[in-house]
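Observations on the three-dimensional arrangement
In case you want the letters, here they are:
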Amino acid sequence: QVQLVESGGGLVQAGGSLRLSCAVSGRTFSRYTMGWFRQAPGKEREFVSSVSWNSGSTDYADSVKDRFTISRDNAKNTVYLQMNSLKPDDTAVYYCAARPVGVVRYPYWGQGTQVTVSS
């Protein structure tokens, strides 16, 4: 069973930074594409960013490009999301997700971590 645990959320002023971490259990972490999603109050969950198993490919939502950076450390079974120049619109619960290489959907999800950006 794959378990994902996010950390690093909190309250920050607009323009500030946070780094989210997601620790993944299991020995096959390096075979997963990892993603970050978020859900703001009253809105649907949306894609934020993803990184391929070998960090060779990353993807970002237009709303976070040039502000957020995803990375992973396969030796530590951890994926990160560095968030800079935060805006109030970034306020949401952030979820880490994992999907095996070759699988389209994300079957494994963390419990989420709250990020609140004050204006």
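See the structure shown above.
The text that follows walks through the structure, step by step, so that each part is easy to find. Because the structure is predicted, anything quoted here is derived from the model rather than measured.

Rules used in this analysis
- Positions within a chain are numbered from 1, following the residues in the order the chain's sequence is written.
- Where totals are concerned, whole chains, interfaces and linings use all residues; where local detail is concerned, this predicted model gives features only for residues with pLDDT of at least 70, and gives and counts side-chain atom pairs only at 80 or more.
- The side-chain quantities take in all heavy atoms of the structure and omit both hydrogens and water.
- Numbering of helices and strands runs from the N terminus, with a helix taken as a DSSP run of H or I at least four residues long and a strand as a DSSP run of E at least two residues long.
- When accessible area is computed with a 1.4 Å probe and restricted to protein chains, residues below 20% of their type maximum are described as buried, those above 50% as exposed, and intermediate ones as partly exposed.
- It only takes one pair of heavy atoms within 4.5 Å for two residues to be counted as in contact.
- Each cavity reported here is a set of points on a 1 Å grid over the protein atoms alone in which a 1.4 Å probe fits but cannot get out, each pocket an open set with protein on both sides within 12 Å along at least five of seven lines, and each lining residue one with an atom within 4 Å of a point.
- Grid points are joined across faces, edges and corners, and a volume is the space filled by probe spheres set on the points.
- Polar here means any residue outside two lists: the nonpolar Ala, Val, Leu, Ile, Met, Phe, Trp, Tyr, Cys and Pro, and the charged Asp, Glu, Lys and Arg; Gly therefore counts as polar.
- The criterion for strand pairing is that DSSP finds at least two bridges linking the strands in question.
- Nonpolar cores are built from buried Ala, Val, Leu, Ile, Met, Phe, Trp, Tyr and Cys residues. Side-chain atoms within 4.5 Å join them into one set.
- Cysteine sulfur atoms are paired as a disulfide whenever they come within 2.5 Å of each other.

**Examining the environment of Val48**
- Note that Val48 resides in strand β5 (residues 46-51).
- The exposure class of Val48 is buried, given its relative accessible area of 0%.
- Distance from Val48 to Thr28, taken between C-alpha atoms, is 23 Å for residues 20 residues apart in sequence.
- Among residues more than four places away in sequence, those in contact with Val48 are Trp36, Phe37, Arg38, Asp59, Tyr60, Ala61, Val64, Phe68, Leu81 and Tyr94.

**So, the layout of surface pockets**
- What the largest pocket holds in volume is close to 150 Å³.
- For the largest pocket, the lining is made up of 13 residues, of which Arg38, Lys43, Glu46, Ser63 and Asp89 are closest to its centre.
- Looking at side-chain class alone, the lining of the largest pocket contains two nonpolar, three polar and eight charged residues.

**Things to note about the pairing of strand β4 (residues 32-39)**
- The buried fraction of β4 amounts to seven of the eight residues, a majority that puts the element mostly inside the structure.
- Direction of pairing for β4 relative to strand β9 (residues 92-100): antiparallel, over a ladder of eight bridges. Along β9, the bridge assignment pairs Arg38 with Tyr94.
- Across five bridges, the pairing between β4 and β5 is antiparallel. In the strand pairing of β5, Trp36 is matched with Ser49.
- Taking the residues between adjacent antiparallel strands as the criterion, β4 and β5 are bridged by six residues, where Gly42 takes a positive phi near 75°.

**Looking at unusual backbone geometry**
- Backbone geometry places Ser55, a non-glycine residue, at a positive phi of 65°.
- As for its placement among the helices and strands, Ser55 is situated in the loop between β5 and β6 (58-60).

**Details of the nonpolar core**
- Grouped together as the largest cluster of nonpolar side chains are 29 residues, with contacts concentrated most on Met34, Trp36, Leu81, Met83 and Tyr94.
- Taken together, the elements giving at least two residues each to this core come down to β3 (18-24), β4, β5, β7 (68-73), β8 (78-83), β9 and β11 (113-118).

**A word on the state of the cysteines**
- Here the structure, examined in full by the defined rule, presents one disulfide.
- Cys22 shares a disulfide with Cys96; S-S distance 2.1 Å. Judged by the sign of its S-S torsion, about -80°, the bond between Cys22 and Cys96 is left-handed. Highlighted residues: Cys22 in strand β3 and Cys96 in strand β9, separated in sequence by 74 residues.

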